[in-house]
Amino acid sequence: MAAVSGSFGEMGGPAEGPAAPAAFRRAVESLRAGALRPEVAAEVIRAPRRLAPFSFAVSGEVGAAEDGDGDERGDDGGPGIGTADGRLILLHDPDGQDAWRGEYRVVVLVQADLEPELASDPLLPDVGWSWLSEALAARGCAYAEPSGTVSRSSSHFFGGLAGRDPSTRIEIRASWTPLAAPQAPEGVPELGCHLAAWGELLCAAAGLPPVQEGVIAMPRPGRGR
């Protein structure tokens, strides 16, 4: 397992450095202390400025190994995993927001390329959402007010691009309010498990099997059900 790389000073917007409240700084440090699977490469990025008074953001990706010919391969020589990328944003408003029902909000995005036939599965949106809920449950995350969307899209190429294979993409956008333990100082939630759950979601979307029971894995691209 690996932690997020990048310095606290690399945060964007009004969350930078000593301007951030001590409570938010503790929340960020607890998030950055979360463990990610080694397949996930993550780093601190510039956070959006307008969603909340204070924010912190991380980007991540899961890539596939390639053989000498540039083909993706699994460890057994069979079809390899896919790729996925996304970001996690921690928002903080000391005055709280009605929609959040709290002072903190976790916002995530995950995108992944899929085999075209998977996009026609009517259960794919439900399965995509279950990847997230199962990952949060497996990591023991306490949260409330979840919301989000699961979208799928296909691209077909014509004319000068006709030689390209059709591409299909799934996009999961979600947010939820992390809950602090009753004894937590200043109501600051422990966020390491939320980072880990986002990492599990990235891996599931890329087709990696879960590392512990309870996380739903997506069928590997190129393989039938």
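Above this note sits the structure.
This structure is a prediction, so every number in the text was calculated from the model and none was measured. (Residues numbered from 1 in each chain as written. Predicted model: local features only at pLDDT ≥ 70, side-chain atom pairs only at ≥ 80, totals over all residues. Heavy atoms only, no water.)

Considerations on the overall build of the protein
Here is step 1 of the chain: Counting its regular elements, the protein contains four helices and six strands.
Here is step 2 of the chain: Carbon and sulfur atoms make up 50% of the accessible area of the protein, which amounts to about 11,100 Å² in all. (Helix = DSSP H or I, 4+ residues; strand = E, 2+ residues; numbered from the N terminus. Areas by Shrake-Rupley, 256 points an atom, 1.4 Å probe, with all protein chains shown as cover.)

Remarks on the packing of helix α3 (residues 124-138) against helix α4 (residues 192-206)
Two quantities define a packed helix pair, namely the angle between the helix axes and the distance between the axes.
Here is step 1 of the chain: Relative to each other, α3 and α4 sit at 145 degrees, their axes nearing to 8 Å. As α3 packs across α4, the resulting crossing turns out to be right-handed. Of the residues in α4, those in contact with Gly128, Trp131, Leu132, Ala135 and Leu136 of α3 are His194, Ala197, Glu200, Leu201, Ala204 and Ala205.
Here is step 2 of the chain: Of the residues contributing to the contact of α3 with α4, the split by class is eight nonpolar, two polar and one charged. (Axes fitted to C-alpha atoms, helices over the stretch in contact; angles between N-to-C directions. Left-handed = near helix turned anticlockwise from the far one by under 90°. Contact = heavy atoms within 4.5 Å. Nonpolar A, V, L, I, M, F, W, Y, C, P; charged D, E, K, R; others polar.)

Description of α3
An α-helix turns once per 3.6 residues; consequently, residues spaced three or four apart project the same way.
Here is step 1 of the chain: If you check α3, its first and last C-alpha atoms are 21 Å apart, about what 15 residues at 1.5 Å a residue would give, namely 21 Å.
Here is step 2 of the chain: Those residues of α3 not exposed but buried are Leu124, Gly128, Ser130, Trp131, Leu132, Ala135 and Leu136.
Here is step 3 of the chain: Count one or two residues on from α3 and you reach Gly140, which has phi positive near 70 degrees. (Expected span 1.5 Å × (residues − 1). Buried < 20%, exposed > 50% of the residue type's maximum accessible area, 1.4 Å probe, protein only.)

Considerations on the pairing of strand β3 (residues 84-97)
Here is step 1 of the chain: Judged from the nine bridges that link them, strand β2 (residues 54-62) and β3 form a sheet pairing that is antiparallel. Residue pairing for β3: Phe56 is matched across the bridge by Leu90.
Here is step 2 of the chain: The sheet contact formed by β3 and strand β4 (residues 102-114) spans ten bridges and is antiparallel. Residue pairing for β4: His92 is matched across the bridge by Tyr104. (Pairing = 2+ DSSP bridges.)

Some remarks on the sheet that holds β4
Strand-to-strand pairing in sheets goes through backbone hydrogen bonds, with the strands running parallel or antiparallel.
Here is step 1 of the chain: Spatial ordering of the open sheet is given by β1-β2-β3-β4-β6-β5, a layout of six strands whose pairing is antiparallel. Bordering the open sheet on either side are β1 (40-45) and β5 (143-155), each of which pairs with just one other strand. The mean inter-strand angle of the sheet, taken between neighbouring strand axes irrespective of direction, is 15 degrees.
Here is step 2 of the chain: The strands touched by α3 within the sheet are β4, β5 and β6 (167-178), with β5 carrying the most contacts at an inclination of about 140 degrees.
Here is step 3 of the chain: Strands in contact with α4 are β1, β2, β3, β4, β5 and β6; relative to β3, the strand with the most contacts, it is inclined by about 150 degrees.

Examining the pattern of salt bridges
Here is step 1 of the chain: Using the criterion set out here, one finds eight salt bridges in the structure.
Here is step 2 of the chain: When the shortest N-O distance is used, the salt bridge between Arg26 and Glu186 registers 2.4 Å. Placement of the pair is Arg26 in helix α1 (residues 22-32) and Glu186 in the loop between β6 and α4, with a sequence separation of 160 residues.
Here is step 3 of the chain: Taking the relative accessible area as the measure of exposure, Glu186 reaches 58% and is therefore exposed.
Here is step 4 of the chain: As a salt-bridge pair, Glu171 and Arg173 come within 2.9 Å of each other at their nearest N and O atoms.
Here is step 5 of the chain: The class of Arg173 is partly exposed, set by a relative accessible area of 38%.
Here is step 6 of the chain: The network of salt bridges with common partners includes Arg37, Glu39, Arg139 and Glu200. (Salt bridge = Lys/Arg side-chain N within 4 Å of Asp/Glu carboxyl O.)

Structural notes on the nonpolar core
Here is step 1 of the chain: Residues Phe24, Leu31, Phe56, Leu90 and Trp198 are the most contacted members of the largest nonpolar core, which totals 45 residues.
Here is step 2 of the chain: Counting only elements with at least two residues in this core, the list comes to α1, β1, β2, β3, β4, α3, β6 and α4.
Here is step 3 of the chain: With nine residues, α4 is the largest single contributor of residues to this core.
Here is step 4 of the chain: For Leu31, the contacting residues outside a window of four places in its chain are Phe56, Val58, Leu88, Leu90, Leu191, Gly192 and Leu195.
Here is step 5 of the chain: Listed in part, the six residues of the second largest apolar core include Ala52, Ile89, Leu91 and Trp100. (Core = buried A, V, L, I, M, F, W, Y, C linked by side-chain atoms within 4.5 Å.)

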